[in-house]
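Listed below, chain by chain, are the residues.
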Amino acid sequence: MTPGTRIVGRSLPRMDAPGKVTGTALYAADFALPGMLHGKVLRSCEPHARIVRIDTARAAKVGGVRAVLTAADVPDVRYGGSVKDEEVFARDRVRFAGQPLAAVAATSPEGAAAALEAIEVVLEPLPAILDVAAALAPGAALVHEGWASYTALPILHRDGNVCNRARIVVGDVERGFAEADRIFEHRFTTPSVHQGYTEPRAAVAQWDSSGQVTVWSNTQLPFEIQTTLSEILQIPPSRVRVIVPGIGGGFGGKLRVGVEHFAALLARRAGRAVKVMTTSEEELTAAYARQPAIVELKTGVTREGRLTAREGRLWFDTGAFAGSGPGVASVATLMLAGPYRIPNLLLEGRAVYTHKTNFGSFRAPSGPQANFAVESQMDIIADALGLDPLELRLRNIVHEGEEGPTGQVLAAVGLEECLRKVADAIDWKNRRPAPGRGKGIACGWWTTTGGSSGVYVKVNPDGTVALNTGAAEIGTAALTGAAQVLAEDLGVELADVNVVSADTLSTPFDFGAQGSRTAFAVGNACRAAAADLKRQILALAARQLGAEESALELRERAVVAADGTRVTLAELARISQATGGGLIAHGTFVAPPTPYDAKRVEGHVYPAFHSPSFHAHAVELSVDADTGEVTIHRYVVAQDVGFAMNPTYIEGQIEGGVAQGLGQALSEEIVYDEGRVLNANLTDYKMPTAVDVPRIESILVQHPSLVGPFGAKGVGEPPNIEPPAAVANAVASAIGVRISSLPITAEKIALALREQAP
Amino acid sequence: MTTLALSLTINGATHEVVVPPHRTLLDVLRNELGLTGTKENCLEAECGVCTVLLDGVAVNACIVLAAQCRGREVTTIEGLAAGGELHPLQRAFIDRGAVQCGYCIPGVILAAKAYLDEVAAPSADEVREALAGNLCRCTGYQKIVEAILSVTETR
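No experiment lies behind these values; they were computed from the predicted model shown. For every chain, the first residue of the written sequence is number 1, and numbering continues from 1 onward in sequence order. Numbering of ligands from 1 and lettering of chains from A proceed in the order in which they are written. Totals for whole chains, interfaces and linings use all residues, but because this is a predicted model, local features are given only for residues with pLDDT of at least 70 and pairs of side-chain atoms are given and counted only at 80 or more.

## Some thoughts on the overall build of chain A
Secondary structure elements are taken from DSSP: a helix is a run of H or I of four residues or more, a strand is a run of E of two residues or more, and numbering for both begins at the N terminus. Regarding its fold elements, chain A presents 18 helices and 29 strands. Within these notes, the globule rule equals 2.2 Å times the number of residues to the 0.38 power, and the radius of gyration is based on C-alpha atoms. By the compact-globule yardstick of 27 Å for 758 residues, chain A fits well, its C-alpha radius of gyration being 27 Å. Labels follow a simple rule on C-beta atoms placed from the backbone: if 20 or more others lie within 10 Å of a residue's own, it is buried; if 12 or fewer, it is exposed; otherwise it is partly exposed. Looking at chain A as a whole, 63% of its 758 residues qualify as buried.

Right under this line is the structure:
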């Protein structure tokens, strides 16, 4: 706990926990309205095809069916974030197996399923572009022949199947390679992995007689969904109200429109409320799973282990639509630099169209893919130079006041402390404690996404406080953190704060629960609101007590004068309600721009990391020489969180992020064959269970950010970045085998061991 | 459509429902009785969010037919806090920070209860084994395991 704080910095229980442990907390998947219909979506089984015919006549006659929709029934609009290339239903052409062709609403889920069966679809299969190599091959067909006509962010560098090429250029890589004693070139690949939230995506939509639609959904971004639905439905945003009842996990998979548009369109057609919820099969075939990636790295280094130049290229398979791809390709270039001082850089990230689902953002998008490559190569370099991998990192990491790859000046850099602390904790000096047993280390950096947040805060007549925020609580306890900030500044207890959140009609704007920003940005907005409220409270109290404002103190739910006389917050709230409309404040925050050198970037949507965080992971594991099976013995994380607003839930972010990262490292992969997913169920898509995850040791390093509330930095995404690299490095340390593709399955290890055998 | 009149004992109270014979316990709990504390996800007994107790044994309600529950005791998360007093597991999950998004938590708590009713003083590894049928994507299971062990230590 930081000296001088009462509420922030303490491990207080989250405010929404009682409802969650008793089953009374409401999630979007639980939400229902009387007389509600059930919607289902018919999806293509072909990755690429011409639509010959879709006949819904029989489906419309199935008992209980109230609406049937195809592309012919909905506005012909293309929507999307950075490139408007998406459509609600495939119109003439199918571009991935899983693409929606039609949707139905019926009085029962069984009725809706029967109606889907009754839709007659004739597709003429076409040759599909199944991966990035095929999409970029000379003369390759275009996934979107009309790509150049699409509305897109002007900053993007688009060309055919490439929907963005982001680039960072610093110095002269050729000169840097000439200065190097050794040059290392490697290629790494990573597959698609799913966020694995336990609550399916769900939405209920209902129209009222005035033409307003209300959508209850588990989106992370209610305000973005409002805008997107307005485009799709062709009505003004003010006619779309999005409410988030509760979310059962998101991790980036619930950022973009998923089922909300189907619910709204079906409800408009049927004249009744409609609920649409995804199945596990839909999640694994037609959601926003992480982009598969190919990374090529060429790094020059001196004999002493000083990095002189890096040329890095990363290709994301973004699937049939751009989605998050152009932005994630941009972020990737910053991740390819790593948290290292490298004077000469040529880094490129590309998002490439293929005939697959529109891959998207997953916790620290681009982070694990780029870090796996960068940190694997650091160990390869260290081994080749005869240097300790920790020592190689310490010779090259960034420090306070140095530049990031695009010229941003780095502040609050706790990286060296993180590296030294994890190394100490894992007993790094003893790197290979036994045959088949080894330790690995990896480090990285990440952004605290900016964007703006607003809150309304009012004092209730009983002296408690209502916090009204447009941000959704996705499970991180970020809104408990923000409420701690508010309680701290207003002299009340955490239990005095009630949170109302995520309703586009009634709550102030928020950029959304994404990018490790919620506690950071909403917390700062709370500080602004508290400062305003405090002025109002003290002015009113001064009149009541007949004292000077400067002699008053706000504490313990009251304003106290120097002579001990006091007036409670409750009294002041009641007085204000009777005479002045109540005590209420609008607090806002927008992250200040991070200056960078614009000459170094091209096609870049995200040129600098706001209030960056730094982190290091260390793992000890053993490998079974016969089966290749990996057993993790210890896992240690040191993360620079700036200021630990609530240590328990920060540990929770670290433990959960590492568990997810270990899934990506060892077992998870959405397996494609000829454009179709082979393992679209939770038996064959292998997420870690309680027996697969080791105990995780968290070390919270605190180099306060200049911007965040009480010095806090974003904490949610980073723990997901380093696990694949740390595991790969530990496997190499244990058995001398370097696996350069994820996941590092027992099968890959066993095969590699067999090839290595004399 | 054929229907069955079922008398179900859920959290100690009797409920009469008339449903088609293929309806699952999960469906009846959530959609007939409004007991949405039992969660819905994979519907093929892989994720464990629908875990309830059937005569004290943890089962996945998504693959149990409601008709199979006649004459048996069903306990859902709503029935665990007796007389408004939180069950020690619920208290421990709150106090130990074991809850994040919370969607898996009702199932996890019930699986833990069934296990602790059989094994009074398990090891951490045994608790993990007992939870292997309950996926959690937020917590990495650590604080869940700690919360469960804390209950065994205090009784």
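## Concerning the overall build of chain B
Scanning chain B from terminus to terminus reveals five helices and five strands. The linear arrangement of helices and strands in chain B, starting from the amino end, is β-β-α-β-β-β-α-α-α-α. Taking 2.2 N^0.38 as the reference for a compact globule, 155 residues should give roughly 15 Å; the C-alpha atoms of chain B span a radius of gyration of 16 Å, in line with that estimate. Along the first, second and third principal axes, the C-alpha set of chain B runs to 50 × 30 × 25 Å. Residue pairs qualify as contacts under a 7 Å threshold applied to their C-beta atoms, which are placed from the backbone. Partitioning the intrachain contacts of chain B with sequence separation of at least 6 by distance along the chain shows that 58% fall at a separation of at least 24.

## Topic: the sheet that holds strand β6 (residues 120-125) of chain A
Residues and elements named next belong to chain A. Ordered by their spatial adjacency, three strands build an open sheet running β4-β2-β6, and the pairing between neighbours is antiparallel. Edge positions in the open sheet fall to β4 (93-94) and β6, since each of these has one partner strand only. Here strand β2 (residues 49-55) runs beside β4; their pairing, made up of two bridges, is antiparallel. If you follow Arg50 over to β4, its bridge partner there is Arg93. We call two strands paired when DSSP finds no fewer than two bridges between them.

## Concerning the confidence of the model for chain B
Interpretation of the predicted coordinates at a detailed level should be avoided for regions scoring low in pLDDT. The predictor's confidence in any single residue is recorded as pLDDT, a number from 0 to 100. Considering every residue of chain B, the mean pLDDT works out to 96; 99% of them sit at 70 or more. Overall fold confidence (pTM) sits at 0.98, and the ipTM for the predicted complex is 0.98.

## Brief notes about the domain arrangement of chain B
Residue and element names in this part refer to chain B. Domain start and stop points were drawn from an automatic or database domain assignment. Each domain of chain B was delimited in the assignment, giving domain 1 (4-77) and domain 2 (82-154). One C-alpha centre belongs to domain 1, the other to domain 2, and the line joining them spans 21 Å. Each partner contributes to the interface: domain 1 provides 14 residues, whereas domain 2 provides 12 residues. For the side of domain 1 that touches domain 2, the secondary-structure elements that each account for two or more residues are β3 (51-54) and β4 (57-60). Looking at which element gives the most residues to the side of domain 1 that touches domain 2, the answer is β3, with three residues. Each residue gets one label: Ala, Val, Leu, Ile, Met, Phe, Trp, Tyr, Cys and Pro are nonpolar, Asp, Glu, Lys and Arg are charged, and the others, such as Gly, are polar. Across the side of domain 1 that touches domain 2, the residue classes break down as eight nonpolar, five polar and one charged.

## Details of the sheet that holds strand β16 (residues 437-446) of chain A
Residues and elements named next belong to chain A. Read from one edge to the other, the open sheet built from four strands follows the order β16-β25-β26-β29, with strand pairing classed as mixed. If you trace the sheet from one side to the other, it starts and ends with β16 and β29 (696-701), each paired once. For this sheet, the mean angle separating the axes of adjacent strands, direction not counted, is 15°. Relative to strand β25 (residues 613-623), β16 runs antiparallel, the two being bridged by 10 bridges. Paired with Trp446 across the bridge in β25 is Ser613. Axis definition: a line fitted to C-alpha atoms, over the contacting stretch in the case of helices. Angles run 0 to 180 degrees between N-to-C directions.

## A short note on the pairing of β2 of chain A
Pairing of β2 of chain A with β6 of chain A involves six bridges; the strand directions are antiparallel. Looking at β6 of chain A, one finds that Asp55 of chain A is bridged to Glu120 of chain A.

## Digging into the environment of His355 of chain A
All names here are of chain A. Structurally, the position occupied by His355 is in the loop between β15 (344-353) and α10 (367-385). For His355, a count of 26 C-beta atoms within 10 Å corresponds to the buried category. Considered as a pair, His355 and Ala529 are 174 residues apart in the sequence and their alpha carbons are 48 Å apart. Filtering out sequence-adjacent residues up to four positions away, His355 remains in contact with Pro47, His48, Arg95, Phe96, Ala128, Ile129, Leu130, Val143, Ala320 and Gly675.

## Side note on the nonpolar core
Residue and element names in this part refer to chain A. Ranked by size, the top nonpolar core spans 308 residues in total, and within it Val104, Ala263, Leu486 and Val731 carry the most contacts. In terms of residue count, helix α14 (residues 518-545) provides more of this core than any other element does, 13 residues in total. Residue contacts for Val104: discarding those within four places in its chain leaves Gly39, Lys40, Ala59, Val65, Ala67, Val68, Ala112, Ala115 and Leu116. Here, a nonpolar core denotes buried Ala, Val, Leu, Ile, Met, Phe, Trp, Tyr and Cys residues that are linked to one another through C-beta atoms within 7 Å.

## Remarks on the packing of α10 of chain A against helix α17 (residues 723-735) of chain A
All names here are of chain A. One way to put it is that α10 packs onto α17 with a least axis distance of 8 Å and a crossing angle of 30°. Viewed along their axes, α10 and α17 adopt a mutual orientation that is roughly parallel. Between α10 and α17 the crossing geometry is right-handed. Between α10 and α17, the residues in contact are Pro368, Asn371, Phe372, Glu375, Ser376 and Asp379 and Pro724, Ala725, Ala728, Asn729 and Ala732, respectively. Its residues assigned to classes, the contact of α10 with α17 comprises six nonpolar, three polar and two charged. The cut-offs work like this: below 35 degrees is roughly parallel, past 145 is roughly antiparallel, 65 to 115 is roughly perpendicular, and the gaps in between are oblique. Whether a crossing is left-handed or right-handed is set by the direction in which the near helix is turned from the far one by less than a right angle, anticlockwise for left-handed and clockwise for right-handed.

## A short note on the interface of chain A and chain B
On the chain B side, the residues contacting the 44 residues of chain A number 40 residues. Among the elements that line the side of chain A that touches chain B, the one with the most residues is helix α16 (residues 647-666) of chain A, at eight residues. Grouping the constituent residues of the side of chain A that touches chain B by class yields 20 nonpolar, 18 polar and six charged.

## Re helix α1 (residues 25-32) of chain B
Residues and elements named next belong to chain B. Along α1, six of the eight residues are buried, which leaves the element largely enclosed by surrounding structure. Listed in full, the buried residues belonging to α1 are Leu25, Leu26, Asp27, Val28, Leu29 and Arg30. The inward-facing, buried residues of α1 abut β2 (13-19), β3 and β5 (73-75). Just downstream of α1, Gly34 is the residue with a positive phi angle, here 70°.

## As for the pairing of strand β9 (residues 202-207) of chain A
Successive side chains on a regular strand alternate, one facing one side of the sheet and the next facing the other. Residues and elements named next belong to chain A. Across the six residues that make up β9, a large majority, six, are buried. On β9, burial covers both faces: Ala202, Val204 and Gln206 on one face and Ala203, Ala205 and Trp207 on the other are all buried. As paired elements, β9 and strand β12 (residues 274-277) share four bridges and run antiparallel to each other. Looking at the pairing, Ala205 lines up with Val274 of β12. Pairing geometry for β9 and strand β10 (residues 213-217), over five bridges, is antiparallel.

## Some details on the domain arrangement of chain A
All names here are of chain A. Domain boundaries assigned for chain A yield domain 1 (17-26 + 450-590), domain 2 (31-127 + 198-249 + 254-285) and domain 3 (293-448 + 596-756). Once you take the C-alpha centre of each, domain 2 and domain 3 turn out to be 36 Å apart. Each partner contributes residues to the interface: domain 2 has 19 residues there, and domain 3 has 21 residues. Split by residue class, the side of domain 2 that touches domain 3 holds six nonpolar, eight polar and five charged.

## So, unusual backbone geometry
Going from Leu742 of chain A to Pro743 of chain A, the amide bond is cis rather than trans, its omega being -10°. Structurally, the position occupied by Pro743 of chain A is in the loop between α17 and α18 (746-756). In this model, Leu43 of chain B sits at a positive phi of 60°, which is unusual for a non-glycine residue. Structurally, Leu43 of chain B can be placed in the loop between α1 and β3. For Leu43 of chain B, a count of 18 C-beta atoms within 10 Å puts it in the partly exposed group. Phi is positive for Tyr141 of chain B, which is not a glycine, with a value near 70°. Relative to the elements of secondary structure, Tyr141 of chain B occurs in the loop between α4 (124-130) and α5 (142-154).

## Structural notes on helix α15 (residues 569-579) of chain A
Residues and elements named next belong to chain A. Inspection of α15 places Leu569, Leu572 and Ala573 among the buried residues, and these make up the whole buried set. When α15 is viewed along its axis, its buried side chains cluster within an angular range of 100° and face the same direction. For α15, exposure combined with an orientation more than 90 degrees from the buried face picks out Ala578 and Thr579. Buried residues along α15 sit in contact with β17 (452-459), α14, β21 (558-560) and β22 (566-568). Downstream of α15 by one or two residues, Gly581 has phi in the positive range, about 80°. This arc describes the spread of directions from the helix axis toward the C-beta atoms.

## Quick notes on the environment of Arg676 of chain A
All names here are of chain A. Within the fold, Arg676 resides in strand β28 (residues 676-677). The exposure class of Arg676 is partly exposed, given the 18 C-beta atoms found within 10 Å. As for Arg676 and Ala97, which are separated by 579 residues in sequence, their C-alpha atoms are 6.2 Å apart. If sequence neighbours within four positions are ignored, Arg676 has contacts with Pro47 and Ala97.

## Some remarks on the packing of α14 of chain A against α15 of chain A
All names here are of chain A. Interhelical geometry of α14 versus α15 gives an angle of 90° and a closest axis separation of 10 Å. Accordingly, the angle class assigned to the pair α14 and α15 is roughly perpendicular. Listed contacts from α15 to Ile537, Leu540, Ala541 and Gln544 of α14 are Leu572, Ile575 and Ser576.

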